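# Geometric and topological summary
As a plain string of letters, each chain reads:
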Amino acid sequence: MAIGLENVSVKKNDNLVLKNINFSDKGIRNLAITGSNGSGKSTFLDLLAGKIFPSGGKISKDKSRKIVSVSRDYSFHRIVGSAYQYYQQRYNAYDSEVGPTLYEVLQNQVMPIGTVDPASVDLPPLAHSPEKVEEVAARFRVSHLLQRKITSLSNGETRRSLLTYWFLQEPDVILLDNPFSGLDAQSRAELKEILESMSGVQVFLVTDKKDIPANFEEALRFQNGELVYSGPVKGLPEETRPEITGLATRLSRIGQLHTETLPDFHTALKLVNIRVNYGNKEVLHDIHWEVKKGECWAVLGPNGSGKSTLMSLLTADNPQSYRNEIYLFDRKRGTGESIWDIKKRIGFVSPELHLSFHKLTPVWKVAGSGFFDTMGLFRKLTEEQMTLIDAYLQLFGIEHLKEKRLDQLSSGQQRTVLLVRALVKNPQLLVLDEPCQGLDYNQMVFFRETLNEIVKSQQKTLIYITHYTEEIPECVNKKLYLDEGRVVRVDL
């Protein structure tokens, strides 16, 4: 036995998040860990990794076995420092080329920030032989990415690259928290194949039941901090569709609170011959697209197809928006409007925004920053604004989290808070990029149905980006498909 827990409990800020957990990995090769958002799955992984300690009970680990935990935000922040990666960086042609290459990260050859003369820096010796790097890179299908800057990698490429990095550390146990979240169907299949082919390492994997690889035979299920199932994967209970009641009443109250008069428009978005290039790489090519007031679109395509870059043009986060012919709310970009004039009419959520938001911010301040489109709250809120925040938190069933910091919430709860942030200012256009990433099945269904009612009752214009068709709300009746930066299909 490498890991054992006896009646282990964990408290965070006087909240009991794990309760009397008993577990042994004896006889377990790979373990799947399931449960709803906030059930204790990630806390369980942190306990195994030694990031936190039990407040009660006993935990035993074989100290001769090396346990590594892959960053749950699936970024390189932990390895190279957050200074190399920041919100909007992936859209900046210069800054996306500032960071290290994947090979440099794998070999621990990262230059200090601000280095002018690389020859003046004494880097440590190579961490691994070039042959070893090539071998492991081939195993995780990233050989062709070794000379790419890490800031230019897609979600799927980043996750395979991180697995390469940690596998090179020769661990005995590797901990993975929702690695399939945000990946397209092909990337999920590739990652699942990689996990199924891994040998010589024990894998603890937090994931949904539908994504459990074939070589995972044992599973745990957490609920409200308790271990409610431990046994074969085939015995895991199926997800049940949540019952959603009282939506109309709660939405009616929110509608009464939104008393402002919104400017009228005919066309929310019009793109004419859009092109985006980073060096010699063409990310978007000849994009023509028009979204009229009240229309609801889904944008689909594989990782790296250009979806998020396209959205960054709409939200004024991409500097190349000014060199393209873009119309927002009947007005051509670059004709005198400020970035804030654009943002105040758009409600936006994306994985990049989630990654970059300061995790020590209280929930109500995160939601309140949506009124001003800032990455923090720097103004005093009015009584009316606080009332709207309370109403939206109640709408999504997270009013009890109002005073907690983001880092005290599960990743799915954090994403829900950012959804509230996008809605509080009553935007006329919603641009939601992978909004359900990190949500469990029940939360996804609840969000999908709630969003559908919001869009219909408030007559929103919606652009919804996802890899999962089951997440798309019923109000969506138009679809735009991208691949390799081009529109390959439009369903009207």
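Everything numeric in this text was worked out from a predicted model, so none of it was measured. (Residues numbered from 1 in each chain as written. Predicted model: local features only at pLDDT ≥ 70, side-chain atom pairs only at ≥ 80, totals over all residues. Heavy atoms only, no water.)

### Considering the packing of helix H7 (residues 247-257) against helix H12 (residues 383-395)
How two helices pack is summed up by the angle between their axes together with the distance between the axes. Spelled out, the test is: Working convention: axes come from line fits to C-alpha atoms, limited for helices to the stretch in contact. Angles between N-to-C directions cover 0 to 180 degrees. Strands here mean DSSP runs of E at least two residues long; helices mean DSSP runs of H or I at least four residues long; both are numbered from the N terminus. The cut-offs work like this: below 35 degrees is roughly parallel, past 145 is roughly antiparallel, 65 to 115 is roughly perpendicular, and the gaps in between are oblique. A crossing counts as left-handed when the near helix is turned anticlockwise from the far one by less than a right angle, and as right-handed when that turn is clockwise. In this description, contact between two residues means that some pair of their heavy atoms is separated by no more than 4.5 Å. Any residue outside Ala, Val, Leu, Ile, Met, Phe, Trp, Tyr, Cys, Pro, Asp, Glu, Lys and Arg is labelled polar, Gly included; the first ten of those are nonpolar and the last four are charged.
Remark: H7 packs on H12, axes separated minimally by 10 Å, with the N-to-C direction vectors making an angle of 165 degrees. As judged from the angle between their axes, H7 and H12 are roughly antiparallel. Considering the relative orientation of H7 and H12, their crossing is left-handed. For the pair formed by H7 and H12, the contact residues are Leu247, Arg250, Leu251, Arg253, Ile254 and Leu257 on the first element and Thr387, Leu388, Ala391, Tyr392, Gln394 and Leu395 on the second. A breakdown of the residues in the contact of H7 with H12 according to their chemical character gives eight nonpolar, two polar and two charged.

### A few points about the sheet that holds strand S16 (residues 429-433)
Let me state the cut-off plainly: Pairing between two strands is assigned when DSSP locates at least 2 bridges connecting them.
Here we have six strands laid out as an open sheet, ordered S15-S16-S17-S12-S18-S19, and mixed in their pairing. Either end of the sheet is taken by a strand with one partner, and the two such strands are strand S15 (346-349) and strand S19 (486-491). Taking the axes of each pair of neighbouring strands and ignoring which way they run, one obtains an average angle of 15 degrees across the sheet. With respect to the sheet, helix H8 (residues 307-314) is in contact with strand S12 (296-300), S15, S16, strand S17 (461-465) and strand S18 (478-483), its orientation differing from that of S17 by roughly 150 degrees.

### Examining the pattern of salt bridges
As a working rule, side chains carrying opposite charge can pair if their charged atoms are close by. Defined as follows: By definition, a salt bridge exists where a carboxyl oxygen of Asp or Glu is found within 4 Å of a side-chain nitrogen of Lys or Arg. Exposure is judged per residue with a 1.4 Å probe applied to protein chains only, and the accessible area is read against the type maximum: over 50% gives exposed, under 20% gives buried, and values in between give partly exposed.
Taken as a whole and assessed by the stated rule, the structure comprises 18 salt bridges. With its nearest N and O atoms 4.0 Å apart, the salt bridge here joins lysine 51 to aspartate 46. What makes lysine 51 partly exposed here is its relative accessible area of 43%. With a relative accessible area of 9%, aspartate 46 lands in the buried category.

### Regarding the pairing of strand S2 (residues 15-24)
Where strand S1 (residues 3-12) meets S2, six bridges bridge the pair, whose relative direction is antiparallel. Across the sheet, the residue bridging to lysine 12 is asparagine 15, located in S2. Joining the antiparallel neighbours S1 and S2 is a turn of two residues, in which asparagine 13 adopts a positive phi near 50 degrees.

### Observations concerning unusual backbone geometry
At asparagine 7, a position not held by glycine, the phi torsion is positive, near 50 degrees. For asparagine 7, the position within the fold is in strand S1. With relative accessibility at 45%, the residue asparagine 7 sits in the partly exposed group.

### Some words on the sheet that holds strand S4 (residues 56-61)
Backbone hydrogen bonds are what pair the strands of a sheet, in a parallel or an antiparallel way. As summarised here, the arrangement of the three strands in space is S2-S1-S4, forming an open sheet in which the pairing is antiparallel. Edge positions in the sheet fall to S2 and S4, since each of these pairs with one other strand and no more. The mean angle between the axes of side-by-side strands here comes to 25 degrees, regardless of whether they run parallel or antiparallel. Strand contacts of helix H1 (residues 41-49): S1, S2 and S4, with the helix running at about 120 degrees to S1, the strand carrying the most contacts.

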